[in-house]
Amino acid sequence: MSTDKDKTAVSFKKEKLELPKGKKASVIILSGPEIGKKQELTANPSVLGRDKTAEFVIANATVSRRHALIRYHNGKYILKDLKSTHGTLFRGSRIDEIVINHGDKFQLGNCLVQLIIEDEREETRANK
């Protein structure tokens, strides 16, 4: 007989990431084999990890398949570790869940990742 406690898979209802008008959120890898890789977060929550089904795929053996997620809730970005092997570090400390802001850096395996909140209007002007 199976109980809810026996289930190890974690599933999340995916929603479109709704941000304040004119804003967008992205993550960028600052160190590791894929340095410079940047991607806009469009799902809420967005899973970061090695698995090809993650919203932000990081091809690095030190990153778990489903390492961490970022979700936007009540005006805040929340970084949550998904019981990864090497943990998710914020300012050098292993975290379970923490609120992060624009420019905050966190570590997944040996990859340093940064959250970027951009004003879409500024980016549009810069590209003209």
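Up top you'll find the structure we're talking about.
Let us look at the structure shown here. Being a predicted model, the structure only gives us computed values, none of them experimental.

1. A short note on the overall build of the protein
Thinking step 1. The number of helices and strands found in the protein is 1 helix and 13 strands.
Thinking step 2. Looking at the protein as a whole, 38% of its 128 residues qualify as buried.
Thinking step 3. The long-range share in the protein, meaning contacts at least 24 apart out of those at least 6 apart in sequence, stands at 43%.
Thinking step 4. Surface summary for the protein: the accessible area is close to 8000 Å², and the carbon and sulfur share equals 49%.

2. Things to note about the sheet that holds strand β8 (residues 76-81)
Thinking step 1. The strand order across the open sheet built from 5 strands is β6-β5-β7-β8-β11, with neighbouring strands paired in mixed fashion. The sheet is open, and its two edges are formed by β6 (56-57) and β11 (97-100), each paired on a single side.
Thinking step 2. Where strand β7 (residues 68-73) meets β8, 6 bridges bridge the pair, whose relative direction is antiparallel. Looking at the pairing, L69 lines up with K80 of β8.

3. Overview of the side chain of S84
Thinking step 1. Relative to the helices and strands, S84 is located in the loop between β8 and β9 (88-90).
Thinking step 2. A relative accessible area of 5% means that S84 is categorised as buried.
Thinking step 3. In terms of polar contacts, S84 uses its side chain to reach the backbone amide nitrogen of G87, at 3.0 Å.
Thinking step 4. Setting aside residues up to four positions removed in sequence, S84 forms contacts with S64, H67 and R94.

Definitions and limits used
Residues numbered from 1 in each chain as written. Predicted model: local features only at pLDDT ≥ 70, side-chain atom pairs only at ≥ 80, totals over all residues. Heavy atoms only, no water. Helix = DSSP H or I, 4+ residues; strand = E, 2+ residues; numbered from the N terminus. Buried < 20%, exposed > 50% of the residue type's maximum accessible area, 1.4 Å probe, protein only. Contact = heavy atoms within 4.5 Å. Areas by Shrake-Rupley, 256 points an atom, 1.4 Å probe, with all protein chains shown as cover. Pairing = 2+ DSSP bridges. Polar contact = N/O pair within 3.5 Å; in protein donor to acceptor, adjacent residues only side chain to side chain.

In short, the description is geometric, and any link to function would need to be established separately.
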